[in-house]
Amino acid sequence: MDMTCIFLLVFLLLFLCSGSKAQMPGFLSLDCGGTENHTDSLGLLWTPDDQNTFGGTSFISTPNEARKQYTTVRYFPADDNKYCFTLQVENRTRYLVRATFLYGNFGTSDAYPKFDLSLEASYWSTIVISDENTIEIEELIFLATLPTVSVCLSNATTGQPFISTLELRQFNGSLYFTIFETQYFLSLSARINFGAESNDSVRYPDDPFDRIWEPDSVRRANYLVDVAPGTEKVSTTKPVDVSYGERPPEKVMQTAVVGRNGSLGYRLDLEGFPGFGWAFSYFAEIEDFRADETRKFKLFIPGMPAISKPTVDVEENAQGKFRLYEPGYDNLSLPFIFSFEFKKTNDSSLGPILNAVEIYKYMQINYGSKDASIMASLVSQYMQANWAHEGGDPCLPASWSWVECNSDPQPKVVSINLSGKNLTGNIPLELTKLTGLIDLQLDGNFLTGSIPDFGECIDLESIHLENNQLTGALPSTFADLPNLKELDVRNNKLSGVIPQGLIGKHISFNYEGNPNLTSRKNGLNHTIVIIISVVLGVLVALAALITYFSFAHKRNNSHQKGNVATIQQTKKLSTYFSEVATESAHRYDLSEIEDATANFQKKIGSGGFGVVYYGKLKDGKEIAVKVLTNESYQGIREFLNEVTLLSRIHHRNLVTFLGYSQQDGKNILVYEFMHNGTLKEHLRGPASLERTVNWINRLQIAEDAARGIEYLHAGCSPTIIHRDLKSSNILLDKNMNAKVADFGLSKPAVDGSHVSSIVRGTVGYLDPEYYTSQQLTEKSDIYSFGIILLELISGQEPISNERFGANFRNIIAWATSYIEGGNIQAIADPFLEDNFELQSMWKIAEIAILCVKPHGNQRPSISSVLKEIQEAIAIEQGSGATNGCMLTGNSPGSSLNLDSVALTGSERHRDASFLRVISQPGLR
Ligand SMILES: *[C@@H]1O[C@H](CO)[C@@H](O)[C@H](O)[C@H]1NC(C)=O
Ligand SMILES: *[C@@H]1O[C@H](CO)[C@@H](O)[C@H](O)[C@H]1NC(C)=O
């Protein structure tokens, strides 16, 4: 298929998608109990939930609600089961999920319903209906980790569980990214549009993600109270620059409240709190005031003095009027009754302004039962049966109707009851993997084939397989189940001999109705068994004798060796100080090195303590020779110490140290030569013009480098902090494997704690916290690595006066502004064209932003970074495989010019670099 063809297809698909839906892609609006598709006045397409086979539907009416989706409900029995909606989602994408409940005149029970809502196995909320005409709304933001997500209703305490609508809204930026998102959901507590002009909420289409921004004017009971005197609404019709992404929509930012008496104070009753939350405020200067007037204020929260430190000057913070500024806290401990106040500072002439706030509570994610994946695989074979469609986790928050689980925090399945379910085929092998199983009932089906081995289910007490069409022998492992009390295999077609162990066992064992199943072996068999046993016995005895003799022999030997080792060690210790370096590192003769480098002719790099030359040893081995400047070391001893340290560090992602030379006042370090030069050259040097380092290659380079750093941080004792990570210190070998260079000239951390020393590093990569405090930790390397990740995404250098436009001088501020705005394409290296998966790049962008946080304790460990990189690789590779349309590039074999050495690159591509994955990030 040629390119034109593919583009044509893409356009066709785009056309079809946009034609069939009036709304944003990634929206799903289920009208529960509804009967037909309809589009509401906002332009949202509602579809009935008629694929759901559980529960009943009912029409309702309420005096003030005419929207069609609120004229029906779906309801469920008030029993111990859970009832789930399974929704398709795009894996690894953030969503808003919203469930709403309008009771109306539904139901005849005296008590209003109360029941639980959960997302997969995690508790979400308890729905308590207290008013028939008010819509209860629950919202959650989550990161999809599977291709589906289920929303379940369970635990009916009073009345019947019911639901009116279920909505999914897909995000495409990372405003709601938090480092906790694999452990916590964000559950909405407050989203308020201050100074709203009407009592209507702002939502779609004003908000492209259809968040509901509630006006501050509608005072629900105990929600937004205690307004300070002097609070006034202001608004503008001028455009407000909210950039893009998931920031509040312009309409929300065009209204605000200001505190004319110098303060703005509110009390919020926060549903679900106390707890830890995500709280952000949104400001835009929308009032006209004189140039000599100023507006500066601070936030005050009782009991939290630290919060009051930063001063807000909206105009300055947002870099202009009518622009958004969004300070907030991604982990704040909040009470149920939350009072806050913005107060003007003494030098400010105007009182504070506030346009909007959003507060979410962190809800712990429960990853569900241990057996969830086994059970998912089991039910996937019976998709035509109703019982296979109960959805969600098999155990949590309530178990499937035919399953029982134990009460562990991560429960296991203990009982399966599939009696009389018309099962055909073999007994599913999944059942033998449920290691906590106690009770298994498969009787009264049409099961065929032989009985599998349940030997791993050692807790099994009761097995019912009667009234099926099972064939073959009874597995002997039944006899080994220590807790078995009941085994029923009546009326099958089993054959052979019943295992001896089962007969003697004190269990209830029924096997009638299997004409070919016999209870004893004949005499001949017995004789054979006895003979075999005798022969075996003799063999075992012989083997034991042989083993004994050879072992005794060995023991004598090792005893002698032990003595020798001790003597050598003693010698080593006595001469340790004089031989310190030569013990482990190879010492080269200076003349050998002069020959190899043809008297230091080819310079291939400099910096980091010295100049590097290319060399070739007599045996043909290519080397990189680093001649240290004399100021680098105070004395011979220090140099030798470093050499000893270096020679102990071996890792496939660290450039190999081959040896040293110290002669005629020259301190020289010899390393393996890396054919493909530095990462920097491939991103911005002449090599970059060949565009050979595509996104998957960049991810692999990042992975390699992270592994090398992980080894320095975690695998070496004492820990080694690199102190000078940068793209020119990441070298690439013949096969484009990346290795970290220039390590070990760094000081090891003392006791793993802070090391204070003269600041070393490179402008643009240098951790500002280290620079100001002079306290060195591993987190300084993380900062530098974050910059490298941003370079991999953008191809840009860390600092530039021109490249980042008028507003920015460094890569962090520039990249952050786009990443937070949800526009990653704007910073993606143009060389990458569109050949990358958006989600994969997002992952790297998000982790990079964490790496460059101002304080070390906010930055992740290298192991977490490595994990994210590997996930990004999985996404990138996964997408390639499912897309099924790969094209081969045609770059191997061409030659590569490095900065200063002219070398001919040989096979320098990984297999994957030949593959150009055609993906259309926009088409999602
Ligand atoms: C928030 O901070 C607290 C205390 O510092 C910590 O225990 C908690 O794990 C953090 N994250 C969340 C999501 O609660
Ligand atoms: C099994 O099949 C019979 C006959 O088709 C049907 O009447 C019965 O409802 C089925 N049972 C189940 C549990 O599906």
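The notes below deal with the structure included here. (Residues numbered from 1 in each chain as written. Chains lettered and ligands numbered in written order. Predicted model: local features only at pLDDT ≥ 70, side-chain atom pairs only at ≥ 80, totals over all residues. Heavy atoms only, no water.)

Considerations on the site of ligand 1
Here comes step 1: Near ligand 1 you find Phe-180, Tyr-184, Phe-276, Asn-331 and Tyr-362, and these make up its full shell.
Here comes step 2: For ligand 1, an oxygen atom lies 2.3 Å from a polar atom in the side chain of Asn-331.
Here comes step 3: Within the complex, 57% of the 350 Å² of free accessible area of ligand 1 lies under protein.
Here comes step 4: Here the shell around ligand 1 is built from residues that sort into four nonpolar, one polar and no charged. (Near = heavy atom within 4 Å. Polar contact = N/O pair within 3.5 Å; in protein donor to acceptor, adjacent residues only side chain to side chain. Areas by Shrake-Rupley, 256 points an atom, 1.4 Å probe, with all protein chains shown as cover. Nonpolar A, V, L, I, M, F, W, Y, C, P; charged D, E, K, R; others polar.)

Focus on the environment of Trp-124
Here comes step 1: Here Trp-124 lies in strand S9 (residues 122-128).
Here comes step 2: The spacing of Trp-124 and Met-363 is 239 residues in sequence and 7.3 Å in space, taken between C-alpha atoms.
Here comes step 3: For Trp-124, the residues in contact, after removing those within four places along its chain, are Val-97, Ala-99, Leu-117, Ser-118, Leu-119, Glu-138, Glu-139, Leu-140, Val-151, Ser-187 and Met-363. (Helix = DSSP H or I, 4+ residues; strand = E, 2+ residues; numbered from the N terminus. Contact = heavy atoms within 4.5 Å.)

A closer look at the side chain of Ser-727
Here comes step 1: By secondary structure assignment, the location of Ser-727 is in the loop between helix H10 (695-715) and strand S44 (730-732).
Here comes step 2: In this structure Ser-727 comes out as buried when scored by relative accessible area, which is 1%.
Here comes step 3: With near-sequence residues (within four places) excluded, Ser-727 lies in contact with Thr-678, Leu-679, Lys-680, Arg-684, Tyr-765, Ile-788 and Glu-791. (Buried < 20%, exposed > 50% of the residue type's maximum accessible area, 1.4 Å probe, protein only.)

A look at helix H4 (residues 372-379)
Here comes step 1: For H4, every residue scored as buried is listed here: Ile-374, Met-375, Leu-378 and Val-379. Relative to the axis of H4, the buried residues are bounded by an arc of 130° and lie together on one face.
Here comes step 2: Tucked into the core, H4 has its buried residues touching strand S27 (403-405) and strand S28 (413-417). (Arc of directions from axis to C-beta.)

Observations concerning the pattern of salt bridges
Here comes step 1: Tallied over the entire structure, the rule returns 40 salt bridges.
Here comes step 2: A salt bridge links Asp-488 to Arg-490, with the nearest nitrogen and oxygen atoms 2.6 Å apart.
Here comes step 3: Judged by relative accessible area, which is 29%, Arg-490 ranks as partly exposed.
Here comes step 4: Its salt-bridge partner being Lys-739, residue Glu-672 comes within 3.1 Å of it at the nearest N-O pair. Linking Glu-672 in strand S43 (residues 666-672) with Lys-739 in strand S45 (residues 738-740), this pair joins segments that are 67 residues apart in sequence.
Here comes step 5: With a relative accessible area of 11%, Lys-739 lands in the buried category. (Salt bridge = Lys/Arg side-chain N within 4 Å of Asp/Glu carboxyl O.)

Examining the sheet that holds strand S37 (residues 516-518)
Here comes step 1: With respect to topology, three strands assemble into an open sheet ordered S33-S35-S37, the strand pairing being parallel. The outermost strands of the open sheet, each flanked by one partner alone, are strand S33 (471-472) and S37. (Pairing = 2+ DSSP bridges.)

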